[in-house]
Amino acid sequence: MNTSQTSSPLAVRDPALTVQLESWKLMGEGVTLSEKKLKDMNGLFADEEARRLMDPEANVYKVQSYMPVAEGTPGGLFFGNTTVQPGKVRDEYFMTRGHIHSKARTAEYYWGIKGEGVLILMDVNRVTWAERVFPGSLHYIAGDVAHRLANSGLVPFTIGACWYSDAGHNYDEIERNGFSARLVEVGGVPKLVEGKL
Ligand code: PAN
Ligand code: ZN
């Protein structure tokens, strides 16, 4: 290593972060990892009884995030990826908790990396729709639209995400009222169905 180079403010430095091009796995100081298991998904699937009978330690999804500024800082961007495991609670696909951003009108990008799944979206009028997610698909999630990911495939499903550092996450609304539709397997294919099952 050339020490005169690293100590000089004019030195060309290494980036703080790298991303594995195939998997979009993030590497570098400050990258965080959070995991959600079935035991953390209380009340989110339609069939709560079926969830309770499954292994509470089973991993449902994990999130890698890079948050270079404090959460809530205006004007910054956060970057990450989410991997949802394959699986179902009865006929409902493994999914993320889902949220709406706490701050109004803060949009987000998602893009498909590996596996296949569905992005479930719901507007402020509780109208729900869904987009197919696959490697290379790109999804602009408008501000004020609640979002949740479900793995409709047989292998881990990974997406990338970029969101505002002051967006914040409101989980209460979804925990209380859910989305107005769920992604379930009907006749071997994923289908969005309205209401509680
Ligand atoms: C994503 C999500 C991630 C996990 O980074 O936070 O997919 O989903 P939940 O936050 O709903 O558990 C994002 O949308 N950030 O804003
Ligand atoms: Zn979000």
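Computed from a predicted model, the values in this text were never measured in an experiment. (Residues numbered from 1 in each chain as written. Chains lettered and ligands numbered in written order. Predicted model: local features only at pLDDT ≥ 70, side-chain atom pairs only at ≥ 80, totals over all residues. Heavy atoms only, no water.)

(A) Structural view of the side chain of Glu-92. Assignment of secondary structure puts Glu-92 in strand E7 (residues 92–93). Those residues in contact with Glu-92, other than ones at most four positions away along the chain, are Leu-44, Phe-45, Ala-46, Gly-87, Arg-182, Leu-183 and Val-184. (Helix = DSSP H or I, 4+ residues; strand = E, 2+ residues; numbered from the N terminus. Contact = heavy atoms within 4.5 Å.)

(B) Representation of the site of ligand 1. Lining the immediate environment of ligand 1, one finds 14 residues, of which Tyr-61, Thr-82, Tyr-110, His-169 and Tyr-171 sit closest. Measuring from an oxygen atom of ligand 1, one finds a side-chain N or O atom of Tyr-61 at 2.5 Å. Take Thr-82: an N or O atom from its side chain is 2.7 Å from an oxygen atom of ligand 1. When isolated, ligand 1 has an accessible area of 390 Å², and the protein chains bury 95% of it. Mapped onto the shell around ligand 1, the elements with two or more residues apiece are strand E4 (59–66) and strand E9 (108–114). Tallied by class, residues from the shell around ligand 1 come to five nonpolar, seven polar and two charged. (Near = heavy atom within 4 Å. Polar contact = N/O pair within 3.5 Å; in protein donor to acceptor, adjacent residues only side chain to side chain. Areas by Shrake-Rupley, 256 points an atom, 1.4 Å probe, with all protein chains shown as cover. Nonpolar A, V, L, I, M, F, W, Y, C, P; charged D, E, K, R; others polar.)

(C) Quick peek at the sheet that holds strand E13 (residues 146–151). The strand order across the open sheet formed by three strands is E11-E10-E13, and the pairing between neighbours is antiparallel. Of all strands in the sheet, those with a lone pairing partner are strand E11 (128–133) and E13, marking the two edges. When strand polarity is set aside, the average angle formed by the axes of neighbouring strands in this sheet is 25°. Inspection of the sheet shows strand E10 (residues 117–122) paired to E13 by six bridges, in the antiparallel sense. Across the sheet, the residue bridging to Ile-120 is Arg-148, located in E13. (Pairing = 2+ DSSP bridges. Axes fitted to C-alpha atoms, helices over the stretch in contact; angles between N-to-C directions.)

(D) Local environment of the coordination of the zinc ion (ligand 2). On the protein side, the zinc ion (ligand 2) has His-99 (NE2), His-101 (NE2), Glu-108 (OE) and His-147 (NE2) as donor atoms, found 2.1 to 2.2 Å from it. Every donor counted, the six donor atoms about the zinc ion (ligand 2) form angles of 75 to 174° at the centre, which fits octahedral coordination. Counting gaps between the donor residues of the zinc ion (ligand 2) yields the pattern H-x1-H-x6-E-x38-H. Assessed through its relative accessible area of 6%, His-101 is described here as buried. (Donors = N, O, S within 2.8 Å, 3.2 Å for Na, K, Ca; no water. Tetrahedral: all angles 85-135°; square planar, octahedral: opposite > 155°, others 65-115°. Buried < 20%, exposed > 50% of the residue type's maximum accessible area, 1.4 Å probe, protein only.)

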